[in-house]
Amino acid sequence: MTIRLISTNDKDTANGMRDTSKTPLTESEIEYVKSEIQRIGADLSVFVFNDEEHLSSSTCYNFVEDKIYVTRNVFPDEKYGSTHPRDLMGVGAVLAHEYFGHRPYREEYLSDMEQGDDYHTTPIWQDECRASINAAKIAHNLTDRDKSNLVMDAIYRAKEFGYLIEMDDFMKEVVYGYSNGEKNISYNITPISYVSEASEVGATEKRICDSSMSKMSRTSRDYYDFER
């Protein structure tokens, strides 16, 4: 058996970038995505498919237009065996991240825009963490795996910026499988507590699994100007 190796610089999905082949969605793919939109309880009229100006971009929420533009990277990595939660998220989870994670904060984004391009009430990376966690909590009919990938996406995003997220009971249930009875799980939307990694240095003898995970490029983003 011959194993084909490919540079991560050449592949179409890497460390949370999903499928970036930039090809339009087929009619059958669009129908499948629409079925996922309905499954998670989102409003189909908010979603736009194969918009020419967005084909080279990621699936994103445009808060000025109040539209979610769906592109090729709505689909997970099924070619290169990525273990990154952003690559593993199913279609429903990606749509939930945009619809239930970003869209409820439209007024915040619009208010920020009035203050200037660089003004953000919530730092952009924290906004992405919030979007994934809230989507996992709010969206209907997500699989346990999608909920876990959304929560882990938030944890990875914080990690990429040098922070740890203090997991609440909902996050522990999703990731570790605690039952309601064991942890008195709460599904309410609560503020996310971040702890700087630097402040944790020396707090334990060694963090065995802490240093080997590769970091995404800080310039890899799934938002463009007034899009999230």
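K.L.:
So what about helix 3 (residues 91-102)? Which residues, and what values?
P.N.:
With 12 residues, helix 3 should reach 16 Å at 1.5 Å per residue; the first-to-last C-alpha distance of 16 Å fits that figure. Among the 12 residues in helix 3, 12 count as buried, and that is most of the element. Taken residue by residue, helix 3 has Val91, Gly92, Ala93, Val94, Leu95, Ala96, His97, Glu98, Tyr99, Phe100, Gly101 and His102 as its buried positions.

K.L.:
So what's going on with unusual backbone geometry? Which residues, and what values?
P.N.:
Although it is not a glycine, aspartate 66 adopts a positive phi angle of roughly 55°. Positionally, aspartate 66 belongs in the loop between strand 2 (60-62) and strand 3 (67-70). For aspartate 66, a relative accessible area of 17% gives the class buried. For asparagine 141, which is not glycine, the phi dihedral falls at a positive 60°. Among the structural elements, asparagine 141 can be located in the loop between helix 5 (124-138) and helix 6 (144-160).

K.L.:
Tell me about the nonpolar core, and name the residues and values.
P.N.:
Formed by 40 residues in total, the largest nonpolar core has its most connected members in Val33, Ile40, Phe47, Phe49, Val70, Val74 and Leu95. In terms of residue count, helix 3 provides more of this core than any other element does, 7 residues in total. In contact with valine 74, other than residues within four places in its own chain, are Arg18, Val33, Thr59, Val91, Val94 and Leu95.

K.L.:
Kindly report on helix 5, identifying the contributing residues and their values.
P.N.:
Across its 15 residues, helix 5 extends 21 Å between first and last C-alpha, which sits within 8% of the 21 Å expected from 1.5 Å per residue. By the criterion of burial, helix 5 is predominantly enclosed, with 12 of the 15 residues buried. Among the residues of helix 5, Trp125, Asp127, Glu128, Cys129, Arg130, Ala131, Ser132, Ile133, Asn134, Ala135, Ala136 and Lys137 are the ones counted as buried.

K.L.:
Describe the confidence of the model for the protein, and please don't skip the residues or the numbers.
P.N.:
With 73% of its residues at a pLDDT of at least 70, the protein reaches an overall mean of 80. When the criterion is pLDDT under 50, residues 2-14 qualifies, and its contacts beyond four places in sequence or with other chains add up to 15 contacts. Across residues 201-224, where pLDDT falls below 50, the model places 30 contacts with residues more than four positions away in sequence or in other chains.

K.L.:
So what about the packing of aromatic side chains? Which residues, and what values?
P.N.:
With the rule as written, the count across this model stands at 6 aromatic pairs. Ring plane angle 25° and centroid distance 5.1 Å describe the contact between tryptophan 125 and tyrosine 163, whose orientation is recorded as stacked. With tryptophan 125 in helix 5 and tyrosine 163 in strand 4 (residues 163-166), this residue pair connects regions lying 38 residues apart in the sequence. Overall, the relative accessible area of 31% leaves tyrosine 163 in the partly exposed class.

So, how was this worked out
Residues numbered from 1 in each chain as written. Predicted model: local features only at pLDDT ≥ 70, side-chain atom pairs only at ≥ 80, totals over all residues. Heavy atoms only, no water. Helix = DSSP H or I, 4+ residues; strand = E, 2+ residues; numbered from the N terminus. Expected span 1.5 Å × (residues − 1). Buried < 20%, exposed > 50% of the residue type's maximum accessible area, 1.4 Å probe, protein only. Core = buried A, V, L, I, M, F, W, Y, C linked by side-chain atoms within 4.5 Å. Contact = heavy atoms within 4.5 Å. pLDDT = per-residue confidence, 0-100. Phe/Tyr/Trp six-rings, centres within 6.5 Å; stacked < 30°, edge-to-face > 60°.

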